[in-house]
Amino acid sequence: MTGGLDVQTHVSDHSLFVTLVGEYDLTMEGALHTQAEPLLTGGIHSVILDLTRLTYCDSTGLRDVVLLRRASERAGMALSIYVAKGSVIARVIHWMGFDTMVRVVEVPEDVGLIG
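Cut-offs applied
- Residues numbered from 1 in each chain as written.
- Predicted model: local features only at pLDDT ≥ 70, side-chain atom pairs only at ≥ 80, totals over all residues.
- Heavy atoms only, no water.
- Pairing = 2+ DSSP bridges.
- Helix = DSSP H or I, 4+ residues; strand = E, 2+ residues; numbered from the N terminus.
- Axes fitted to C-alpha atoms, helices over the stretch in contact; angles between N-to-C directions.
- Expected span 1.5 Å × (residues − 1).
- Buried < 20%, exposed > 50% of the residue type's maximum accessible area, 1.4 Å probe, protein only.
- Salt bridge = Lys/Arg side-chain N within 4 Å of Asp/Glu carboxyl O.
- Contact = heavy atoms within 4.5 Å.
- Arc of directions from axis to C-beta.

A. Examining the sheet that holds strand β5 (residues 103–107) more closely. An order of β1-β2-β3-β4-β5 is seen for the five strands of this open sheet, with the pairing classed as mixed. Looking at the sheet topology across the chains shown, the edges are occupied by β1 (5–12) and β5. The mean inter-strand angle of the sheet, taken between neighbouring strand axes irrespective of direction, is 20°. Two strands pair when backbone bridges link them, and strand β2 (residues 15–24) and strand β3 (residues 46–57) are joined in this way by nine bridges, in the parallel orientation.

Here it is, written out as structure tokens:
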């Protein structure tokens, strides 16, 4: 993990899975874009953003999520965000209105996503 954030990506069944682990702050600006946007290619139909293991996210991380949403839309792909039920990240995602823009799924805290 570099700087407190690990960005993991993989493609499975025409979906791009992006998992953020750790803390997303100003020092990590653009990390999501750098890792995920180049993978938004023709064979991908959807983007799954897994925030279940994200422990902190400031406005920098939220901005980068918005940029990923825009890039996904331009590429004709649906974006879904997965958060740990009841977590601070889940509350922030809802407070910021992301659930009105994309599909947001709350999963039990002990369930990790497998792509």
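B. Examining helix α2 (residues 59–74) more closely. Under the 1.5 Å per step criterion, the end-to-end length of α2 is 23 Å for 16 residues, consistent within 8% with the ideal 22 Å. When α2 is considered as a whole, its buried residues turn out to be T60, G61, L62, D64, V65, L68, R69, A71 and S72. Following α2 by one or two positions, G76 has its phi on the positive side, about 75°.

C. Spotlight on the pattern of salt bridges. Counting across every chain of the model gives four salt bridges. The salt bridge involving D64 is made with R63; its shortest N-O contact spans 3.5 Å. You can call D64 buried: its relative accessible area is 2%. Of the residues examined, R63 reaches a relative accessible area of 45% and is grouped as partly exposed. The residue R69 makes a salt bridge to E73 at a minimum N-O spacing of 2.6 Å. You can see R69 and its partner E73 sitting in helix α2, four residues apart, about one turn around the helix. A relative accessible area of 15% places R69 in the buried class. Judged by relative accessible area, E73 falls into the partly exposed class, the value being 46%.

D. Just the environment of M28, in detail. Along the chain, M28 falls in the loop between β2 and α1 (31–36). Looking at M28, the relative accessible area reads 13%, which means it is buried. C-alpha separation for the pair M28 and R69, spaced 41 residues apart in sequence, amounts to 18 Å.

E. Structural detail: the environment of I81. Here I81 lies in strand β4 (residues 78–84). Sequence-wise, I81 and L51 are 30 residues apart; in three dimensions their C-alpha atoms are separated by 7.0 Å. In this structure I81 touches L49, L51, V65, F98, V102, R103, V104 and V105, once residues within four positions along its chain are discounted.

F. Broad picture of helix α3 (residues 88–95). Looking only at α3, the buried set comprises I89, A90, V92 and I93. Take α3 and look down its axis: the buried residues cluster within an arc of 165°, on one side only. Those residues of α3 hidden inside the fold are in contact with β3, α2, β4 and β5. Two residues or fewer past α3, G97 is found with a positive phi of approximately 80°.

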